[in-house]
Every structure is written in structure tokens, then in C-alpha cells.
Amino acid sequence: MMKSFENKVCVVTGGAAGIGLATAKLFAAQGGNVIIACRSDARDLARKLDGHYVRTDVSVEADVERLFTEIADQFGRVDVLVNNAGIMATAEIEELAADEFDRHLAVNVRGVLLGTKYGSRLMSGGGAIVNSASVAGQIGLSGYASYSTSKAAIISLTQVAAIEYGARGIRVNCVCPSSVETPMLAAQENGDLEREISRLASPLGFTIQPEHVADVIAFLASPAAAAITGQAINVDAGMTAGYSDPLLEAVAATLVS
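A brief structural summary.

**Section: the pairing of strand 3 (residues 52–55)**
Here four bridges tie strand 2 (residues 33–38) to strand 3, and the two strands are oriented parallel to one another. In the strand pairing of strand 3, alanine 37 is matched with valine 54. Crossover connection from strand 2 via helix 2 (residues 43–48) to parallel strand 3: handedness right-handed.

Encoded structure:
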């Protein structure tokens, strides 16, 4: 069976859980040399995937530079980079602390910037970068000022990077999932409510799983997407297409009750 990422050097930030974990597993199953970069200890996971782990805080430039220096020393190149590491916390604007807002920009946006800056230097023969954004970067959600702003910035940064790196054969895209069944969602105070609203609002009627997003990331990183760059691909079971029938029915039921 042909393996799409056979002998490819695939870097996944935030690869220890959720979307990053599903993506790392998929790359490994498809023959990739996987490097997991995150703050939490993922040495055991990396060993199970026959991959490598480098402790990295993506918001710290020295950490990111060191990550790619180690990769350069061991592999000499990067073929695929998934800038996935991110954080999420909710607060309405009136209650939002400036340092919390700055923290979202530092991890979610600066992490993508630094990963792209240093990772692309090892893509001398071309490559693919896929960033994790969100539908929250496309539509407004109460309480999500920090998170939504950071994800909107990732979409814009993806477009700029696609233009700047296109001549070098480096494609840059991002995925925009709706609510995904991850530890991050489970840890949210309103996680159960968000999960149900997302399911109800989606025409396909289910909550996105990490593997759904990983499949799209792998497609965008593969030769099958050779003509795709600068795009933000929604992975949302159709939620952003419009109002689903179950959602309209639920609203109508409240109006007549």
C-alpha cells in the first residue's frame, strides 16, 4: 500500500493531544518521520510512533529556533509543518484581562509566525505548512474575543505566507474546525453546551472528531493538494453553510411554547 508521507519529515506542534495527536498518528501510519514539538512531555508517545520529541514553547523564539536546529542536524530538512499548538480561554470583553489577550496572541499567533519563519528555512525543496485556525476566526462568538482574534490572525497570516513562500514551492494553508471533541473542549466550563450547540447547528448533525481534522490536514500536506495554497478550509460538518433544520426547529419550538 502506498504511503503518502513515506520518509517525509513531518513536524507537528502541540502534537501530544487532540488534533495534533491525531495528525501525528496519521503521519506516522503513512510512513512519516514525525517530530512532536510541545511543552508537555511526549517522549513516550514519540517512541510509540517511532518518532521524536522536542520540548518546545512555541511562543518563545529561542525554543522554536532550537527545535529546527535539532531537526536540521538530524534530518537536514522539513517536508511538512503543522502549526497546531494553541490555547483557549473565554471571557467577555468587559472582563478580559489584557495579559490573557496577549497570551493568546503569543501562543496562537506568534507560534504560527515563528514556526513558519524557522521551519520554512528547512524547506529548500518545497514543502507544505498547515496551520490550525478555527471557524471562530470567521464568525463572532460572545466571550471568545481572545481566541477568535488569534484565529482570525492565523487565517490572515496564512494568506500572507502563501504569497511570500509560493515562489519557493512552499504551500501554506489552514484548517478551520468548529468545536472538536478534544481535551481542550472537555476542560471548558461551557464545553458540554458548546458541543451540543455545534452538533445542533451542523447539517451533518455530529461533533467534529480530531481524526476528521487530521484527515484534512494530511490532504493539504499531500501531493494531492499541489494546487492549493492560501486557503482556509472549514471542517465543521457544514455549520457555517447556514442554519440547519434542527437548529431552526429548536428555535421555532421555543417561540411557540
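**Side note on the environment of alanine 89**
Among the secondary structure elements, alanine 89 is positioned in the loop between strand 4 (80–83) and helix 4 (98–119). Of the residues examined, alanine 89 reaches a relative accessible area of 27% and is grouped as partly exposed. Beyond its immediate sequence surroundings of up to four residues, alanine 89 is in contact with Glu100, His104 and Gly143.

**Focus: the nonpolar core**
Residues Phe27, Ile36, Val213 and Ile217 are the most contacted members of the largest nonpolar core, which totals 30 residues. Secondary-structure elements contributing two or more residues to this core are strand 1 (9–13), helix 1 (18–29), strand 2, helix 2, strand 4, strand 5 (127–132) and helix 8 (210–221). The contacts of phenylalanine 27, once residues within four sequence positions are left out, are Phe5, Cys10, Val12, Gly32, Val34, Val80, Val82, Ile217, Ala218 and Ala221. Core analysis: the second largest hydrophobic core is formed by 21 residues, Leu67, Leu114, Ala162 and Tyr165 among them.

**Some details on the pattern of salt bridges**
Following the criterion strictly, the structure yields seven salt bridges and no others. Ionic pairing is found between aspartate 63 and arginine 66, a salt bridge with its closest N-O pair at 3.7 Å. Here arginine 66 and aspartate 63 lie together in helix 3 (residues 61–74), a separation of three residues that amounts to about one turn. For aspartate 63, a relative accessible area of 14% gives the class buried. Between arginine 66 and glutamate 70 there is a salt bridge; the shortest N-O distance is 3.3 Å. Remark: glutamate 70 and arginine 66 occur in helix 3; sequence separation between them is four residues, near one turn of the helix. A cluster of three or more residues bridged by salt bridges with shared partners is formed by Asp63, Arg66 and Glu70.

**With respect to the packing of helix 1 against helix 8**
The geometry of a pair of packed helices is captured by two quantities: the angle between their axes and the separation between those axes. In the contact formed by helix 1 and helix 8, the axes pass within 8 Å of each other and the chain directions differ by 55°. Compared by their axis directions, helix 1 and helix 8 come out oblique. Like other packed secondary-structure pairs, helix 1 and helix 8 cross with a definite hand, here right-handed. Residues Gly18, Ile19, Ala22, Thr23, Leu26 and Phe27 of helix 1 pack against Pro210, Glu211, Val213, Ala214, Asp215, Ile217, Ala218 and Ala221 of helix 8.

The rules we used
Residue indices follow the written sequence of each chain, beginning from 1 at its first position. Only residues with pLDDT of at least 70 are given local features in this predicted model, and only at 80 or more are side-chain atom pairs given and counted; all residues enter the totals for whole chains, interfaces and linings. Side-chain descriptors were evaluated using all non-hydrogen atoms of the structure, hydrogens and water having been removed beforehand. At least two DSSP bridges between two strands are required for those strands to pair. Working definition: helices are DSSP H or I runs of at least four residues, strands are E runs of at least two. Numbering for both runs from the N terminus. Throughout, right-handed denotes a crossover for which the path from the first strand over the helix to the second runs clockwise when the strands point away from the viewer. Partly exposed describes any residue whose relative accessible area lies between the buried limit of under 20% and the exposed limit of over 50%, with all areas from a 1.4 Å probe on protein chains only and scaled to the type maximum. A contact between two residues is defined here by any heavy atoms of the two lying within 4.5 Å. As used here, the term nonpolar core means buried Ala, Val, Leu, Ile, Met, Phe, Trp, Tyr and Cys residues forming a set that is joined through side-chain atoms within 4.5 Å. Salt bridge, as used here: a side-chain nitrogen of Lys or Arg that lies within 4 Å of a carboxyl oxygen of Asp or Glu. Lines fitted to C-alpha atoms define the axes, with helix axes restricted to the stretch in contact, and inter-axis angles between N-to-C directions lie between 0 and 180 degrees. Geometric relationships in this document are graded by angle, where less than 35 degrees denotes roughly parallel, more than 145 denotes roughly antiparallel, 65 to 115 denotes roughly perpendicular, and other angles denote oblique. The handedness criterion is simple: a crossing whose near helix is rotated anticlockwise from the far helix by less than a right angle is left-handed, and one whose near helix is rotated clockwise is right-handed.

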